[in-house]
Amino acid sequence: MIKTLPIETFLQMDFSHVFDVRSPREFAESHIPNALNCAVLNNEEFEEIGTLYKQNHFLAKVLGASFITKNISQHLLNLKDLISPKKPFGIHCARGGMRSNAFAVVLDKIGYQVAILDGGYKSYRKYILDYLQIPPKHRFITLVGQTGSGKSEILQTFENALNLEEMANHCGSNFGGIYGEQPSVKMFQNLLFARLKSLENAPFVLVEGEGKKIGKLILPSQLYQAYQNAPKILIVAPLQQRTQRILQQYGKIAPEFFEISMQKIAPFMQKKFWKEAKDSFYRGNLSHTVEILLVQYYDKVYKKESFCHSIVYHSKEQVREEILEFAKNFYQ
């Protein structure tokens, strides 16, 4: 028997998988995290049906059904070793209409346990946008400190961390786009929602004090205000350590990317230091380039945050223990 579930129930279900049957182009733009794409109409078919539907609804349905049955038959063979009739799985399309229902009917008749998301992906998006507009109830602890002080690697040692840069695929500065393309706005919101939901019962949530904008992506105002107003821990590290961290991260930076980034920061640096940083880069002295950028750009341009506690970074283990002790005392 096919179940049609509202979004709240759908998200609480222990599904073996969630199948997104929208077209690959729709899925690539944004999707529920960890969902698998089993498109019942490929990009060209979806566009063709959409065009025909404006001219003749009935013929569009006939052609659409022929495409869908063809694609479903292939999915059944591909999924037979992945899904089991013993555990339910979820299915959705864009609005919970023909595409998801067509696939669900076939799977149900075979004997699988199928649940359709009522309202489809559209209902999911509405739900998460409503969620992100509400002040989060999480108990945040925010890490601040100079560039290269080790905040990102500290986050990686905590299972209850909200790593905004990782989700945004960006390091949050003019040089921050070293990892390539960022997710779409919708996909970034989806990732934020999923992570925040998973952390709702955490004793505290560790986050870095990012600015409102990470690359091209803008953080939800309520989330931004919540971690900015949370207790802040200043992470302190000497220039040498900071330089080494940045070298490890940016050591293989391409000259083209370096040039573009340097042009962006030119208005914010004294010309002699800007030129010296460039000259050092092309001489292969990356260590000196990094030192100049840290001292003459990052340390001057980025505002100094207020904080209620400070930790000198000696090792990951030492910093982790000090943060845990602070959290225990602050949120006891």
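The structure reproduced in this document is the subject of the present report.

Cut-offs applied
- Residues numbered from 1 in each chain as written.
- Predicted model: local features only at pLDDT ≥ 70, side-chain atom pairs only at ≥ 80, totals over all residues.
- Heavy atoms only, no water.
- Salt bridge = Lys/Arg side-chain N within 4 Å of Asp/Glu carboxyl O.
- Helix = DSSP H or I, 4+ residues; strand = E, 2+ residues; numbered from the N terminus.
- Buried < 20%, exposed > 50% of the residue type's maximum accessible area, 1.4 Å probe, protein only.
- Expected span 1.5 Å × (residues − 1).
- Bend = angle between axes of the 7 residues up to and from the residue.
- Contact = heavy atoms within 4.5 Å.
- Patch = residues over 30% accessible without salt bridge, like charges linked within 9 Å, V, L, I, M, F, W, Y side chains within 5 Å.
- Areas by Shrake-Rupley, 256 points an atom, 1.4 Å probe, with all protein chains shown as cover.
- Core = buried A, V, L, I, M, F, W, Y, C linked by side-chain atoms within 4.5 Å.
- Axes fitted to C-alpha atoms, helices over the stretch in contact; angles between N-to-C directions.
- Parallel < 35°, antiparallel > 145°, perpendicular 65-115°, else oblique.
- Left-handed = near helix turned anticlockwise from the far one by under 90°.
- Pairing = 2+ DSSP bridges.
- Phe/Tyr/Trp six-rings, centres within 6.5 Å; stacked < 30°, edge-to-face > 60°.
- Lys NZ or Arg CZ within 6 Å of the ring centre and 35° of its normal.

### Considerations on the pattern of salt bridges
Phase 1 of the analysis: Throughout the structure, instances matching the rule amount to 15 salt bridges.
Phase 2 of the analysis: Between Asp-81 and Lys-80 there is a salt bridge, with the nearest N and O atoms lying 3.4 Å from each other.
Phase 3 of the analysis: Linking Glu-259 and Lys-278 is a salt bridge whose minimum nitrogen-to-oxygen distance equals 3.1 Å. Here Glu-259, found in helix H12 (residues 255-265), pairs with Lys-278, found in helix H13 (residues 271-282); they are 19 residues apart in sequence, far enough to count as distant.
Phase 4 of the analysis: Overall, Glu-259 belongs to the partly exposed group, its relative accessible area being 24%.
Phase 5 of the analysis: Owing to a relative accessible area of 15%, Lys-278 belongs among the buried residues under this scheme.

### A short note on helix H14 (residues 286-301)
Phase 1 of the analysis: With 16 residues, H14 should reach 22 Å at 1.5 Å per residue; the first-to-last C-alpha distance of 21 Å fits that figure.
Phase 2 of the analysis: By the largest-angle criterion, Leu-294 marks the main kink of H14, which is about 35 degrees.
Phase 3 of the analysis: By the burial criterion, the buried members of H14 are Thr-289, Val-290, Ile-292, Leu-293, Leu-294, Gln-296, Tyr-297, Tyr-298 and Asp-299.
Phase 4 of the analysis: On the buried face of H14, the contacting elements are helix H11 (239-250), H12 and H13.

### A closer look at unusual backbone geometry
Phase 1 of the analysis: Despite not being glycine, Asn-34 has its phi angle at roughly 75 degrees, a positive value.
Phase 2 of the analysis: Checked against the element boundaries, Asn-34 lands in the loop between helix H2 (24-29) and strand S3 (36-37).
Phase 3 of the analysis: Even without being glycine, Asn-169 reaches a positive phi, approximately 50 degrees.
Phase 4 of the analysis: Within the secondary structure, Asn-169 sits in the loop between helix H8 (164-168) and helix H9 (185-198).

### Some remarks on a nonpolar patch on the surface
Phase 1 of the analysis: Among the surface-exposed residues, Phe-58, Leu-59 and Val-62 lie close enough to one another that they form a single nonpolar patch of about 310 Å² accessible area.
Phase 2 of the analysis: By the secondary structure assignment, Phe-58 is in helix H4 (residues 57-79).

### As for the nonpolar core
Phase 1 of the analysis: Within the largest apolar cluster, 35 residues are counted, with the highest numbers of intra-cluster contacts made by Phe-140, Leu-162, Leu-164 and Leu-223.
Phase 2 of the analysis: For this core, the secondary structure elements donating two or more residues are helix H1 (7-12), strand S5 (114-117), helix H6 (120-132), H8, H9, strand S8 (205-208) and helix H10 (221-228).
Phase 3 of the analysis: With five residues, the single largest contributor to this core is H6.
Phase 4 of the analysis: Each residue touching Leu-223, except ones within four places of it in the same chain, is listed here: Pro-136, Phe-140, Leu-162, Leu-164, Leu-192 and Leu-196.
Phase 5 of the analysis: Judged by nonpolar contacts, the second largest core, of 22 residues, contains Ile-68, Phe-89, Ala-104 and Tyr-112.

### Some points on the packing of H11 against H14
Phase 1 of the analysis: Between H11 and H14, the shortest axis-to-axis distance is 9 Å and the interhelical angle comes to 115 degrees. In terms of orientation, H11 lies roughly perpendicular with respect to H14. As for the relative orientation of H11 and H14, their crossing is right-handed in sense. In this structure, H11 uses Leu-239, Arg-242, Thr-243, Ile-246 and Leu-247 to contact H14, whose residues at the interface are Leu-286, Ser-287, Val-290, Glu-291, Leu-294, Val-295 and Asp-299.

### With respect to the sheet that holds strand S2 (residues 18-20)
Phase 1 of the analysis: Pairing in this open sheet of five strands is parallel, and the strands run S1-S5-S4-S2-S3 from one edge to the other. Of all strands in the sheet, those bounded by a partner on one side alone are strand S1 (3-5) and S3.
Phase 2 of the analysis: Here S1 pairs with S5 via three bridges, running parallel. Note on S5: the bridge partner recorded for Thr-4 is Ile-116.

### Section: the packing of aromatic side chains
Phase 1 of the analysis: Per the counting criterion, the structure on display carries 18 aromatic pairs.
Phase 2 of the analysis: For the pair Phe-175 and Phe-258, a centre-to-centre distance of 6.3 Å together with 45 degrees between the ring planes defines the contact as tilted. With a gap of 83 residues between them, Phe-175 in the loop between H8 and H9 and Phe-258 in helix H12 connect regions that are remote in the sequence. Neither Phe-175 nor Phe-258 differs from the other in exposure class; each is buried.
Phase 3 of the analysis: Ring pairs connect the aromatic residues Tyr-121, Tyr-124, Tyr-127, Tyr-131 and Phe-193, which therefore count as one cluster.
Phase 4 of the analysis: When the ring centre of Tyr-121 is taken as reference, the NZ or CZ atom of Arg-22 above it lies at 4.0 Å.

### Re the pairing of strand S6 (residues 140-144)
Phase 1 of the analysis: Along S6, five of the five residues are buried, which leaves the element largely enclosed by surrounding structure.
Phase 2 of the analysis: The sheet contact formed by S6 and S8 spans four bridges and is parallel. Considered in S8, the bridge of Ile-141 is made with Leu-206.
Phase 3 of the analysis: Examined bridge by bridge, S6 and strand S11 (residues 232-236) share three bridges and lie parallel to one another. When the bridges of S11 are listed, Val-144 appears paired with Leu-234.

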